[in-house]
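The chain contents come next:
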Amino acid sequence: MITLSSMPPLMFGGLVLFMLVGYPAAFSLAALGIAFGFVAIEHGFFTVAYLQAIPGRVFGNVLSNDLLLAVPFFTFMGSILERCGLAEDMLDSMGQLFGPIRGGLGYSVIIVGFILGAITGTVAAQVIAMALISMPVMIRYKYNIRYTTGVLAASGTITQLVPPSLVLIVLADQLGKSVGDMYLGAWGPSVIQIALFALYTFALSIFKPEWVPAVPKEARTLAGWVLWKKCLMGIVPSAVLIFVVLGTMMLGLTTPTEAGAMGAVGAIVLAVIHHPQFSRTGKKVFLLGIVATGVALVDGLFGLSPILFRLAMSVLYFAVVWLCLEAVRISDLRDLIKQGHQTTMRITAMVTFILIGSTCFSIVFLGVDGSRWLEHLLSSLPGGAWGFLAFINLFIFFLAFFLDFFEIAFIILPMIAPAAQKILTPIVGADAALIWFGVMLCVNMQTSFMHPPFGFALFYLRGVAPRSVSSADIYWGALPWVGLQLIMVALVIAFPVLVTGLLSAPSTIDPSKIRIDIQSPASDEPPPLVILPTTPK
């Protein structure tokens, strides 16, 4: 006889078993949810009518979720930028700029990984692109092979943490928090993570200088203004795109979906201006668009003339349309856009099916008091909130050996989020609790791409590395960087201000203590309404 109290652990155990077997997560979740739903109905835990919540939730919370519309836009943006040649130009120029110092090629890979992470958001393509470009150069100049493979894999995985990461969008959706707040919370850890990578490289340049030699002078072909111009040609357009996507969202001018749409169009524009077949007329139109943007900004700031602002914006829209038509004209970019659409469709379909399956599972899990069972289990851990954080981070760390990020976010996160909200609120407050928790898990799940032998970044690296690079070198090279990522997890746990420092302070007004005074009118005019917060006792 199956009791109500035994249903949640049986469902959870079945989920773990299916995941270990390797059956597709979306279908495993749906099958488990429906099967245990029939068992629950048979034993009278709930009625058949309860399962009507599944289609209602699928159509109401999944297929009609405006926030998840951002997923295909950001996926398409990353797919275009990873293949348009931007990474090659930036790695080449940064390598020349930092080449004269020990570890210069390592610094260039770290910095370019950070910038690309802020505009692409895809780990696989970033690791592959940087490995194909930088690994032969680093091997040629006698960089230690384990350092080379480690820095390339680690710099690719930082894209998960740097806004506008697709990971952060999904976490915000699953935790029911603002994407803008999640992005603000992630900036501190992402910058410190890059600093840790750079400090490790600096330490090696002091204690193991032969591991990270400087690039010989005869190999540095660019210098002076020519070098700086090439660096700026990669950094400035990327910075503009980052502002278009992130800045407008942070300023409250756009929603995440609108910012993603602008990022997708901006990615096409960047691909066009970096292509060697970019026409002379297109360059003139591009310059015209830049001038129109400047005029619109000045007019918008000083309020000079509404007609001038509309005219400048019309010219800007014309320039964007012209550049998109340039992408249609160039055959390479047509193929690139087609590949971007295919990649976007695959990832979007995968996310949708996992969400549908997790909805089936979670509704049945809640119906058999699974949330209460899980909350009691996590609340009774020794060590209170810190014991809870240690357990959850270890659990996610080992779970990431077998599960993809999307599977963890859509399956595990909704089950533990209510307990996290209750346990962490006394430490950072109710508003920041789940932001802190989400960014912490995001830092943790970086390691899912890095830890041997299951890290996907290591598989990507193995696929493009020369045969002279052994798998052992790739695995051993990853370990110091996994250690740095775990140090970052510990820092986020120990110092919540790294996440909460940029967040808006919670309101201190107690709505229950607001007094409304209506004054007597002195004339026929309607009385003014005055709302005064009472002084707390």
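Here, every reference points to the structure presented above.
Criteria and cut-off values
- Counting restarts for each chain, with residues numbered from 1 along the sequence as it is written.
- In view of the model being predicted, local features appear only for residues whose pLDDT reaches at least 70, and side-chain atom pairs are presented and counted only at 80 or more, with totals across whole chains, interfaces and linings using the full set of residues.
- In computing side-chain properties, one takes all heavy atoms of the structure into account and sets aside hydrogens as well as water.
- Secondary structure follows DSSP: runs of H or I at least 4 residues long count as helices, runs of E at least 2 residues long count as strands, and numbering of each begins at the N terminus.
- Only heavy atoms matter for contacts: two residues are in contact if any of them lie within 4.5 Å across the pair.
- Salt bridges are defined by distance alone: a side-chain nitrogen of Lys or Arg within 4 Å of a carboxyl oxygen of Asp or Glu.
- Each residue is placed in one exposure class: buried if its accessible area under a 1.4 Å probe, protein chains only, is under 20% of its type's maximum, exposed if it is over 50%, and partly exposed if it falls in between.
- When two rings of Phe, Tyr or Trp (its six-membered ring) have centres within 6.5 Å they constitute a pair, described as stacked for plane angles under 30 degrees, edge-to-face for angles over 60, and tilted for the intermediate range.
- Put simply, a charge is over a ring when the Lys NZ or the Arg CZ is close to the ring centre, within 6 Å, and near the line of the ring normal, within 35 degrees.
- By nonpolar core we mean a set of buried residues, namely Ala, Val, Leu, Ile, Met, Phe, Trp, Tyr and Cys, connected to one another through side-chain atoms within 4.5 Å.
- Helix span, expected: 1.5 Å multiplied by one less than the number of residues in the helix.

J.: Any details on the side chain of Ser 108? Residues and values, ideally.
T.: Turning to its location among the elements, Ser 108 is positioned in helix 6 (residues 104–117). Discounting residues that sit within four places of it in the chain, Ser 108 has contacts with Leu 91, Met 94, Gly 95 and Phe 98.

J.: Can you break down the pattern of salt bridges residue by residue, with the values?
T.: Evaluated as defined, the whole model comprises two salt bridges. Across the pair Glu 326 and Arg 329 runs a salt bridge, and its minimum N-O distance is 3.0 Å. Here Glu 326 and its partner Arg 329 are both found in helix 14 (residues 306–329), three residues apart, which amounts to about one turn of the helix. With a relative accessible area of 5%, Glu 326 lands in the buried category. Arg 329 gets classed as partly exposed once you look at its relative accessible area, which sits at 44%.

J.: I'd like to hear about the packing of aromatic side chains, residue by residue, with values.
T.: Scanning all chains against the criterion turns up 13 aromatic pairs. Ring geometry for Tyr 200 and Trp 481: centres 5.0 Å apart, planes at 80°, overall edge-to-face. Residue Tyr 200 is located in helix 10 (residues 179–207), and its partner Trp 481 is located in helix 21 (residues 471–494); the two are separated by 281 residues in the primary sequence. Classification of Tyr 200 by relative accessible area gives partly exposed; the value is 22%. Over the face of the ring belonging to Tyr 141 we find Arg 140, whose NZ or CZ atom lies 5.6 Å from the ring centre.

J.: Account for the nonpolar core, naming residues and giving values.
T.: One finds Leu 15, Phe 74, Leu 171, Phe 388, Ile 412, Leu 424 and Phe 437 to be the most contacted residues of the largest nonpolar core, which totals 154 residues. In terms of residues, this core owes the most to one element, helix 18 (residues 405–428), which gives 15 residues.

J.: Requested: an account of helix 13 (residues 280–302), with residues and values cited.
T.: Because an α-helix completes one turn every 3.6 residues, residues spaced three or four positions apart along the sequence face the same direction. With 23 residues, helix 13 extends 34 Å from end C-alpha to end C-alpha; this agrees with the ideal 33 Å at 1.5 Å per step. Inspection of helix 13 places Gly 282, Val 285, Gly 289, Ala 292, Ala 296 and Asp 299 among the buried residues, and these make up the whole buried set. In this structure, the buried residues of helix 13 make contact with helix 14.

J.: Go over the environment of Met 135, please, and point to the residues and values.
T.: Of note, Met 135 is situated in helix 7 (residues 123–140). Owing to a relative accessible area of 1%, Met 135 belongs among the buried residues under this scheme. With 326 residues separating them in the primary sequence, Met 135 and Leu 461 have C-alpha atoms 9.8 Å apart. Setting aside residues up to four positions removed in sequence, Met 135 forms contacts with Met 130, Thr 148, Thr 149, Leu 152, Leu 461, Ala 465, Pro 466 and Val 469.

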